[in-house]
Amino acid sequence: MLKHFLTLEWKSFFRSASFKSNLAIKIFMVFGALYFMAVFLGLGIGAFYIIERQGWGDPLLVVNRFMIYYLVGDLYIRYMLQKMPITNIKPLLYLPINKSKIVAYSLGKTVVSFFNWSHAFFFVPFSVVLLVEGYSPIGVVGWHLAIMALFLCNNFLNVLVNNKDNVFYMLLGIFSLLGVCQYYELFNITDYTSPFFNTLYDLPWMAFLTWGLLIALATSAFTYFKRHMYLDAGLAGKKSMAKTEDYAWLNRFGNLGTFLKNDIKLIRRNKRSKTSVIMSFFFIFYGLFFFTGAVEAYDGPVWKIFAGIFISGGFLFSFGQFVPSWDSAYYPLMMSQNISYREYLTSKWYLIIIATAASTILASFYLYFGWDAYLAVIVGAIYNIGVNSYLVLWGGAYIKTPIDLTSNKKAFGDKQAFNSKTLLLTLPKLILPLGVYALGHYLISPTAGYIFVGMAGIIGFGFKNRVFALIEGIYKKEKYKTIAAYKQKA
Amino acid sequence: MISVQSLTKKYGESIVLNIENLEIPKGQSFGLVGNNGAGKTTFFSLMLDLIQPTTGHIVNNGVQVDSSEEWKPFTSAFIDETFLIGYLTPEEYFYFIGELRGRNKADVDALLERFKDFFHDEILGQKKYLRDLSKGNQKKAGIVASFIGDPEVIILDEPFANLDPTTQIKLKGIIKDLAASNEVTVLVSSHDLIHVTEVCERIVVLNKGELVRDIQTSTETLKELEVFFGG
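Predicted model, so just to flag it, every value in this text is computed and none were measured. Along each chain, numbering runs from 1 in the same order as the chain's sequence is written. Each chain gets a letter, beginning with A, and each ligand a number, beginning with 1, in the order they are written. Restriction of local features to residues with pLDDT of at least 70 applies here, the model being predicted, together with a cutoff of 80 or more for giving and counting side-chain atom pairs; totals for whole chains, interfaces and linings are based on all residues.

So, about the overall build of chain A. By definition, any uninterrupted DSSP run of H or I lasting at least four residues is a helix, any uninterrupted run of E lasting at least two residues is a strand, and each is numbered from the N terminus. A count of helices and strands for chain A gives 21 helices and zero strands. Exposure classification rests on a simple neighbour count of other C-beta atoms within 10 Å of a residue's own: a residue reaching 20 or more is buried, one at 12 or fewer is exposed, and one in between is partly exposed. C-beta atoms are placed from the backbone. Out of the 490 residues in chain A, the part that is buried amounts to 32%. Sequence separation of 24 or more characterises 79% of the internal contacts of chain A that already satisfy a separation of 6 or more. Note on contacts: residues are paired as contacts if their backbone-placed C-beta atoms lie within 7 Å.

If you want it as structure tokens, here you go:
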């Protein structure tokens, strides 16, 4: 039976439609994993001696003291990253396989995950060093086994609390509070927890207790999932309560308002688009690297414009870049409904303009770094509105990757988004304004540089109708290819 | 209303659709039947300019669909779930389509009122997004949305599939009413010979992309079709 499961796993990996990008991500992840292994290994061997040399006390006691935070941190990382592998088991449910076997397999899969064995890279060398340094062998073995059991307990805890956000955030809140308390020496939780971890060494048979706990957790996870192995229970996707919303105030914009309403709903109700917009919010703070002088390479005057463009253009880059892919799920509807391309594009354009203006206003805290800094932001915004807004819409015509709105996968970079045409279009987006500024800055004065970039934006703005006609033509030409590409689910 | 001239669609070497000539007069209820891969959806996609013909063209009410967009105001369709916007509630979706077709909320509400029976209390006021509705209910929403804005041409691909018996019978009634008005041209495709002979005045059979039968529906039609497909 296990053989069948394993071959299925193998095929699902190598035959997935997005295998290539998947592989790239996986290779990337392997490198990440190797890096962490090396770090842990180094820590495991080095920790003992570092602690000793720093004079923090008995290394084992020190490690035990912070063990509680290590465990909680581990649980946090698991909750964020480790997924319960339930999606692949739906087609197995009705086949003549015992439910127990399916559940056991799924849970077994979580046990062998990286999240469990990576810790061995710290604890195995650390324990070996303890033995070498003359700690009681039985004590060390008992302690090691007990800690191992506790990490596996985390594994099953994570499986059990999966998707119970409120419980999880409450725990997280409590422990960050405790951490803060400890830092300011108000209350020290480790005083209460470290004796427990110390006892694991002093009384090695305690290991049986932790293994008992592990078995109890594993069984409860097993029974929980076995009982909830139904499509409407453990295997059901989350369904949110829907509310019909009107946004009647947008009606005054006519047809444009209709699209804007839809786009607002698109952003608010889908995971993927929400992530993009949140990301674009963080772009606002990107300028801190430049204006605080934190990164030396960014100190040249030209870089200010670069910062200005990013600060005001977060939404433009993270959302605008994927127009029209946001509508990929229902593109045939958009193409056969009573919509003209011009209106469709204009509404997206307005959305970008509004977001750019809003970012510029939010970024007014850069005034703290002087007028000069904020002026760079404003000039960047003008350029974004006048030139870059067209360029992202233009580039969008060539990006034919359908977006799965309900999943966050690939939100951070998609290989296909970087084809040669879009890459070529980034040139005028980022490099050209730098050049224009440099021209004014070095030939005349910094102010002239700002004026030049601003002028470029204003001139671009003036050509709106002509540029839109051009972009419209490209969208029309690419229409059939785009529809066909969106049909192929990633 | 609709005229097709020497229309072909090729993918590589294989010809998936080849219609020499086809005229559909205004107000006709037109049925398209054929096995899987016969070219039904291809034909409808060509009518909506979602794919490009290899040769020939379709003229819809005087507008050549692959060169002008003027057919959009009077044509509506429901082909599959890509015509639904998953993150909207059914109401929002209907209003959205309504606004695109120049109908205000009151107009849309009035239309929906007529289909209350058809919805069977499973579409409106459900606090669910379209993506969370069952396949059958999604289809109901999509079909009704295609009636918004008094279109002159309505294209429905496999409207009966996935629907429960009660809804199938109601849908037949709705399509018959539309056909009776003589203002609306309805194009329906189906695998179900009984349904299609019941609602359509004219039935065209496609087989591997070729038009092989063109029948004015009569009492004999069902038998004729059964012989064709059974033989």
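This paragraph deals with the overall build of chain B. Scanning chain B from terminus to terminus reveals eight helices and ten strands. Every radius of gyration here is taken over C-alpha atoms, with the globule rule written as 2.2 Å times N^0.38, N being the number of residues. For a compact globule of 231 residues, the expected C-alpha radius of gyration is about 17 Å, and chain B comes in at 17 Å, within 12% of that figure. Looking at chain B as a whole, 48% of its 231 residues qualify as buried. Here the analysis covers contacts within chain B between residues at least 6 apart in sequence; of these, 65% occur between residues at least 24 apart.

As a further point, take the interface of chain B and chain A. On the chain A side, the residues contacting the 27 residues of chain B number 24 residues. When residues in the side of chain B that touches chain A are grouped by element, the largest group, five residues, is from helix α2 (residues 90-100) of chain B.

Here the focus is the confidence of the model for chain B. Caution applies to low-pLDDT regions: their predicted coordinates should not be interpreted in detail. Scored by pLDDT, chain B comes out at a mean of 91, with 100% of its residues at no less than 70. Mean pLDDT per element in chain B: helix α8 (residues 221-230) of chain B is the minimum at 89, and strand β7 (residues 153-157) of chain B is the maximum at 94. Confidence of the predictor at the level of single residues is captured by pLDDT, which takes values from 0 to 100.

Quick look at the pairing of strand β1 (residues 2-11) of chain B now. All names here are of chain B. At least two bridges found by DSSP between two strands is the condition for calling them paired. Note that β1 and strand β2 (residues 14-24) share nine bridges and pair antiparallel. Among the inter-strand pairings, Thr8 is bridged to a residue of β2, identified as Asn18. Linking two consecutive strands that pair antiparallel, namely β1 and β2, is a turn of two residues; a positive phi of about 65 degrees is found at Gly12 within it. Looking at chain direction, β1 and strand β4 (residues 55-60) are connected through five bridges and run antiparallel. What sits directly across from Ser3, in β4, is Val59.

What follows concerns the packing of helix α4 (residues 99-111) of chain A against helix α10 (residues 206-227) of chain A. Residues and elements named next belong to chain A. Note on geometry: axes are C-alpha line fits, over the in-contact stretch for helices, and angles between N-to-C directions span 0 to 180 degrees. It is at 10 Å that the axes of α4 and α10 come closest, and there the two elements cross at 125 degrees. One finds that α4 runs oblique with respect to α10. Crossing hand, α4 versus α10: right-handed. In this structure, α4 contributes Lys99, Ser100, Val103, Ala104 and Leu107 to the contact, and α10 contributes Ala221, Phe222, Phe225 and Lys226. As a working rule, the residues Ala, Val, Leu, Ile, Met, Phe, Trp, Tyr, Cys and Pro are called nonpolar, Asp, Glu, Lys and Arg charged, and the rest polar, with Gly in that last group. For the contact of α4 with α10, the residue count by class is six nonpolar, one polar and two charged. Oblique is the label for every angle not falling under 35 degrees (roughly parallel), over 145 degrees (roughly antiparallel), or within 65 to 115 degrees (roughly perpendicular). Left-handed is the label given to a crossing in which the near helix is rotated counterclockwise from the far helix by less than a right angle, and right-handed is the label when the rotation is clockwise.

Below, the discussion takes up helix α9 (residues 190-202) of chain A. Residues and elements named next belong to chain A. By definition here, a helix of n residues has an expected span of 1.5 Å times n minus one. Its 13 residues place the ends of α9 18 Å apart at the C-alpha level, agreeing with the 18 Å of an ideal helix rising 1.5 Å per residue. Every buried residue of α9 is listed here: Phe197, Leu200 and Tyr201. Seen end-on, α9 carries its buried residues on one side only, within an arc spanning 100 degrees. Exposed residues lying more than 90 degrees from the buried face of α9 are Asp191, Tyr192, Pro195 and Asp202. What the arc covers is the set of directions going from the helix axis to the C-beta atoms.

Residues and elements named next belong to chain A. You can see Trp56 is positioned in the loop between α2 (19-54) and α3 (59-81). The exposed category is assigned to Trp56, around which 12 C-beta atoms lie within 10 Å. As a C-alpha pair, Trp56 and Ala381 span 325 residues in sequence and 53 Å in three-dimensional space. Those residues in contact with Trp56, other than ones at most four positions away along the chain, are Ile51 and Val62.

For the rest of this paragraph, the subject is the environment of B:Leu17. Residues and elements named next belong to chain B. If you trace the backbone, Leu17 turns up in strand β2. Residue classification places Leu17 among the buried positions, given that 27 C-beta atoms sit within 10 Å. Between the alpha carbons of Leu17 and Ala38 there is a distance of 7.8 Å; along the sequence they are 21 residues apart. Those residues within four positions of Leu17 in sequence are excluded, and the remaining contacts are Leu7, Thr8, Lys9, Gly39, Thr42, Phe43 and Gly209.

Residue and element names in this part refer to chain B. Judged by how many residues are buried, strand β8 (residues 185-190) sits mostly within the fold: six of six residues are covered. Covered by surrounding structure in β8 are Thr185, Leu187 and Ser189 together with Val186, Val188 and Ser190, the residues of both alternating faces. Pairing of strand β3 (residues 29-33) with β8 involves five bridges; the strand directions are parallel. Pairing of Val33 across the sheet is with Ser190, part of β8.

This part is about the nonpolar core. Core analysis: the biggest nonpolar cluster contains 129 residues, and A:Val453, B:Tyr93, B:Ile155 and B:Val188 have the highest contact counts within it. If you tally residues by element for this core, the top one is helix α18 (residues 371-396) of chain A, at 14 residues. In this structure, A:Val453 is in contact with A:Ile305, A:Val379, A:Tyr383, A:Pro433, A:Val436 and A:Tyr437, ignoring residues within four places of it in sequence. Membership of the second largest hydrophobic core comes to 28 residues, among which are A:Ala146, A:Ala149, A:Leu200 and A:Ala221. Each nonpolar core comprises buried Ala, Val, Leu, Ile, Met, Phe, Trp, Tyr and Cys residues, the members being joined through C-beta atoms within 7 Å.

Here the focus is unusual backbone geometry. Backbone torsion omega between A:Val323 and A:Pro324 reads 5 degrees, so that peptide bond is classified as cis. Topologically, A:Pro324 is positioned in the loop between α15 (314-318) and α16 (331-336). Within the chain, B:Glu158 stands out as a residue other than glycine whose phi angle is a positive 50 degrees.

On to the packing of α18(A) against helix α21 (residues 464-487) of chain A, then. All names here are of chain A. It is at 9 Å that the axes of α18 and α21 come closest, and there the two elements cross at 10 degrees. In terms of axis orientation, α18 runs roughly parallel to α21. For the pair α18 and α21, the sense of crossing is left-handed. Contacts between α18 and α21 involve Tyr390, Leu393 and Trp394 from the first element and Val467, Ile471 and Ile474 from the second. Here the residues of the contact of α18 with α21 are counted per class, giving six nonpolar, no polar and no charged.

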